[in-house]
Amino acid sequence: MQKHSDCRLYVGSYTSADKPEGIYLLALDPGRGLCSAVQANAETENPSYLLLDGRRLFAANERSDCACLSAFAVEEDGSVKLAGTYCAEGAGTCQVTLDPTGAFVYGANYESGSIAGCRVLPDGSLGAGISPIAHEGSSADPERQENPHVHMVGFAPESSLLIAVDLGIDELVAYTVEEDGELRENPERVLPVFAGEGPRMVAYHPALPLAALITELGNHVIVYRLGETGLASWEPLAAYPLVASGYAGEALAAHVQFSPDGRYLYASVRGPNEVCVFSVAESGALELRGAFPSGGSWPRHMELSPDGTMLAVANERSDEVVVFGIDRDSGALSSEVARCGVSSPTCVVWQR
């Protein structure tokens, strides 16, 4: 496991009038099983998703009145200080990504079904915005897919195309990024998903040309082999269920991640409150190794430590971040390392 001096985590959460703090810095001592908050930042509203890039931390501010992104400087002691905020037309920014050059930051707007973005200035603040992109359409679920709901934006490995994952219209849509950060849609670069699946997040294998798409409504992980011509050449290999056939309660799949060595895939499911662990074959085939309790309720997000020996889980409804050890021989969640109380945690990232 990582040494104590390396074990810091950032947690994003929902804020309120009674709880204005949104970003927490946690100090973890794995050897003694201790975890505590050493800073609580209250400078922005609802920083529900975080992206750490060296000494810069970016947040998606999930607001109903606008699309909103914020940037923070990371100090020597790990504490964060607001460097800039960008707001635009749209609503419900729930995830952010940087372009490969680090010059632009983009946000997925769930509520408005759109994409916003702006330039990242050399001093770490946020500059001029791009023209927002709004999706159109609907899909099979009348309650959850009545409109577009962009849940993620990101770049595939070694690609300059921005890929938007839209839960509301059951599609992945690729955009060309111009030199000024503007997005240009490529109509032929659309990847449809089975109606009603509700694609939420996508993860990429660290070495093989594989992508794993988790679907929130269908509760599947769909594995694709990546081609050389963008989304049009993604080949679906198989879909793997995340919920046991006898389970009759509410279930909403949430997050997916490959282990740093690519041997395992992890997927969290809210409702059953489990983390499913799969082994990954070179062919792209998955084999379920087990479904393990998340340590709380509603595991919205999780992240493996950089060395792959620990998994931190943000259990939103039980107000705790729980850290587990990882059995390197099987990929399974082993003993609980520590837990820390955080109100409504929605995202957890390790400081690298």
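Note on numbering: residues in each chain are counted from 1, in written sequence order. Local features are withheld for residues below a pLDDT of 70 in this predicted model, meaning they are given only at 70 or higher, and side-chain atom pairs are given and counted only at 80 or more; totals for whole chains, interfaces and linings count all residues. Heavy atoms throughout the structure, all of them, feed into the side-chain values; hydrogens and water do not.

## Points about the overall build of the protein chain
Alright, step 1. Strands are runs of DSSP state E lasting at least two residues, helices are runs of H or I lasting at least four, and both sets are numbered from the N terminus onward. Per the secondary structure count, the protein chain includes 0 helices and 29 strands.
Alright, step 2. If one aligns the C-alpha atoms of the protein chain with their principal axes, the spans along those axes are about 55 × 45 × 35 Å.
Alright, step 3. Relative accessibility thresholds used throughout: buried, under 20% of the residue-type maximum; exposed, over 50%; partly exposed, between the two (1.4 Å probe, protein chains only). Across the 352 residues in the protein chain, those meeting the buried criterion constitute 57%.
Alright, step 4. Throughout, a residue-residue contact means that at least one pair of heavy atoms, one from each residue, lies within 4.5 Å. Contacts in the protein chain between residues at least 24 apart in sequence constitute 48% of all its contacts with a sequence separation of at least 6.
Alright, step 5. Throughout, the Shrake-Rupley method with a 1.4 Å probe supplies accessible areas, and for residues the shown protein chains are the sole cover considered. With the model as given, the accessible surface of the protein chain reaches about 13,900 Å², and the carbon-plus-sulfur share is 48%.

## Structural notes on the sheet that holds strand β19 (residues 220-225)
Alright, step 1. The strand order β17-β18-β19-β20 describes an open sheet built from 4 strands, whose pairing is antiparallel. Edge strands, defined here as strands with exactly one partner in the open sheet, are β17 (199-204) and β20 (235-241). Within the sheet, the average angular offset between the axes of one strand and its neighbour, ignoring direction, is 20°.
Alright, step 2. Pairing analysis gives 5 bridges linking β17 to strand β18 (residues 210-215), with the strands arranged antiparallel. For A203, the partnering residue across the bridge sits in β18 and is A212. DSSP calls a pair of strands paired once it identifies at least 2 bridges connecting them. As a rule, the C-alpha atoms of each element are fitted with a line to give its axis, helices using only the stretch in contact, and angles between N-to-C directions run from 0 to 180 degrees.

## What about the sheet that holds strand β24 (residues 286-293)?
Alright, step 1. The strand order across the open sheet built from 4 strands is β21-β22-β23-β24, with neighbouring strands paired in antiparallel fashion. Pairing within the sheet leaves two strands with one partner each, and these edge strands are β21 (252-258) and β24. When strand polarity is set aside, the average angle formed by the axes of neighbouring strands in this sheet is 20°.
Alright, step 2. Strand direction decides the pairing type here: strand β23 (residues 274-280) and β24, joined by 7 bridges, are antiparallel. Bridging across to β24, C276 finds its partner in A291.

## Side note on the side chain of S13
Alright, step 1. If you trace the backbone, S13 turns up in strand β1 (residues 8-13).
Alright, step 2. Polar contact is the term for a pair of N or O atoms within 3.5 Å; when the atoms are in protein, one must be able to donate a hydrogen and the other to accept it, and sequence-neighboring residues count only if both atoms are side-chain atoms. There is a polar contact of 2.9 Å between the side chain of S13 and the side chain of K19.
Alright, step 3. Once you skip the residues sitting within four places of it in the chain, S13 turns out to touch K19, E21, G22, Y24, N46, P47, S48, S343, S344, P345 and T346.

## Description of the packing of aromatic side chains
Alright, step 1. Only centres within 6.5 Å qualify two rings of Phe, Tyr or Trp (six-membered ring in Trp) as a pair; their planes then separate them into stacked at under 30 degrees, edge-to-face at over 60, and tilted for everything else. With the rule as written, the count across this model stands at 4 aromatic pairs.
Alright, step 2. Ring centres of Y224 and W234 lie 5.6 Å apart, and the angle between their planes is 50°; on these two criteria the pair is classed as tilted. You can see Y224 sitting in strand β19 and its partner W234 sitting in the loop between β19 and β20, a full 10 residues away along the chain. Each member of the pair, Y224 together with W234, is buried.

Geometric descriptors of this kind do not, in isolation, establish any biological role.
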